[in-house]
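# Coordinate analysis (summary)
This is what each chain is made of:
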Amino acid sequence: MLLSTRLALRASTLFRRGLATSTPGAATSATAGPAARHLTPLPSSPDVAAIQYDLATQRPAYLHLPASAVLGDSDSASTPVRVKLYPDRPIHGTLLQVAREVGAADVAVYTTTAGGAGPAGVDKVRWCRSTPTLDVVREGMAAPEMAVELKVGKDKVVAVELPSFTERTRHLTAELAAAEPALASLAATKTQLDAQSLRSANLFVWGGLGFLCAQWGLMARLTWWEYSWDVMEPISYFLTFGTGIASYMFYVVTRREYSYEVHSDLHVSARQAALYRANRLDIDEYIRLRDRIQAIKKEVDVVRREYGLPAPPSASPSSAAKQVE
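Just so it is clear, the structure is predicted and the values come from calculations on it, not from any experiment.

## Re helix α6 (residues 260–278)
With 19 residues, α6 extends 27 Å from end C-alpha to end C-alpha; this agrees with the ideal 27 Å at 1.5 Å per step. Looking only at α6, the buried set comprises V262, S264, V268, Q272, L275 and Y276. Looking straight down α6, one finds that the buried residues subtend no more than 160 degrees of arc, so they occupy a single side. Structural note: α6 exposes R277 and A278 on the side pointing more than 90 degrees away from its buried face. Turning to α6, the residues buried within the fold contact α4 (165–226), α5 (229–254) and α7 (283–306). Of the residues trailing α6, R280 is marked for its positive phi of about 55 degrees.

Shown next as C-alpha cells:
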C-alpha cells in the first residue's frame, strides 16, 4: 500500500513537471508563425498570388492569395489568405483548401506557355490533381516563358508569381560575399606556412640521406682502417637489429607502418601545427569557412538547376576557392 502511494505521488510529480516544461514550448510554437521564418518576399502587385519559399530548406512553404481572389462580399473578402504548402503531397489537398477559403466551388491550377499555338499565342495546360505540389512549382520555374495560374470558380483567373533565383539566393550570396574574403586571408597565410613546412620536410629527408651516408663511411673506416671485420661484425649486427626495434617502436607509438613517406608526412604535420600556433592561424575557423562556402555553392547550384540557368564561369586558379584544399 505504501509502495503504491509513493508511485502515485511520483507519477503526479513527473506529470506536473512535464506540463511546466511543455507549456512554454507550446506557446512559443503557437506564436512563431510565418513572419518568424525566412521567406521569399511577396509581390508588389496586390492582385497577384505568390509562392513563398522557406529559405532555410529551399522548398515551397506558403501560397499567398490576394484579397481580390476571395469571392463574395463578406469581411474576409478584404483579407489576403495564406495557405500552408506540403511540397511532397498531391496538389489536390492545396486546391481544396484554396476553394474552401475563397468560397469557390472549384479551383484548378494551370501552366501557361507564351509563344505557343493556342489562343492568343498561349498554350494552357491544366495540372492533374495527383501531381506533387513541388513538381508543379518547379515546372513553372523551369523556363522564363512559363507561368502558373489559379482558376477560381468559373471566370476568375489569378496569376501566381514564383520567386526568382535572385530572391532565393540573395541571403546565400551575401553570406558568401562576407565569408570568401575571410577565407582568402586565412588561405594565403596557410599556403605560406604549408610551403615552409614542405621545405622543412625536404631538409629533413636530405638530412636523413646525409646521416646514412656518414654512417656508411664511418663503418667502412672502422672496418678496413681502424679495426677489422671480426670487431665490426657484431657491431653492425646490433646496429641493424636496433633499427628493426626502432621501426617497431614507431608503429607502436603512431599505429602507422614505418616508411619514409609516412615519416615525412608526420614531420610535415608536426611542423604545420607548430607554425600554425606560432602565427596564430585559426585552422578550425579556416575549415569552418571552407566547408560553409562549399555548402553554400552547392546549395546555389541546386537552385540554379531548378531555374535551368547556366553554370557560372569557373574561377581562376588564383582565387580563394582554388587555394582551399
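What follows picks up the thread again.
## Quick word on the sheet that holds strand β2 (residues 59–65)
Spatial strand order, β3-β2-β1-β7-β6-β4-β5: seven strands in an open sheet with mixed pairing. If you trace the sheet from one side to the other, it starts and ends with β3 (81–84) and β5 (122–126), each paired once. Mean inter-strand twist for the sheet, computed between neighbouring axes without regard to direction, equals 30 degrees. In this sheet, strand β6 (residues 146–152) lies alongside strand β4 (residues 107–114) in antiparallel orientation, the contact comprising seven bridges. Residue pairing in the sheet places Y110 in a bridge with E149 of β6. Here helix α2 (residues 91–102) sits on the sheet in contact with β2, β3, β4 and β6, set at roughly 110 degrees to β4. Running at roughly 105 degrees to strand β1 (residues 49–54), helix α3 (residues 133–141) makes contact with β1, β2, β4 and β6 of the sheet.

## Quick notes on the confidence of the model for the chain
On average, residues of the chain score 80 in pLDDT, and 81% of them are at 70 or above. Per-element averaging of pLDDT across the chain places helix α1 (residues 2–31) at the bottom with 39 and α7 at the top with 94. Contacts of residues 1–36 to residues separated by more than four positions or lying in other chains number four contacts, the stretch itself having pLDDT below 50. In this model, residues 316–324 is a region of pLDDT below 50 whose contacts with residues beyond four sequence positions or in other chains number 15 contacts.

The rules behind each value
Residues numbered from 1 in each chain as written. Predicted model: local features only at pLDDT ≥ 70, side-chain atom pairs only at ≥ 80, totals over all residues. Heavy atoms only, no water. Helix = DSSP H or I, 4+ residues; strand = E, 2+ residues; numbered from the N terminus. Expected span 1.5 Å × (residues − 1). Buried < 20%, exposed > 50% of the residue type's maximum accessible area, 1.4 Å probe, protein only. Arc of directions from axis to C-beta. Contact = heavy atoms within 4.5 Å. Pairing = 2+ DSSP bridges. Axes fitted to C-alpha atoms, helices over the stretch in contact; angles between N-to-C directions. pLDDT = per-residue confidence, 0-100.

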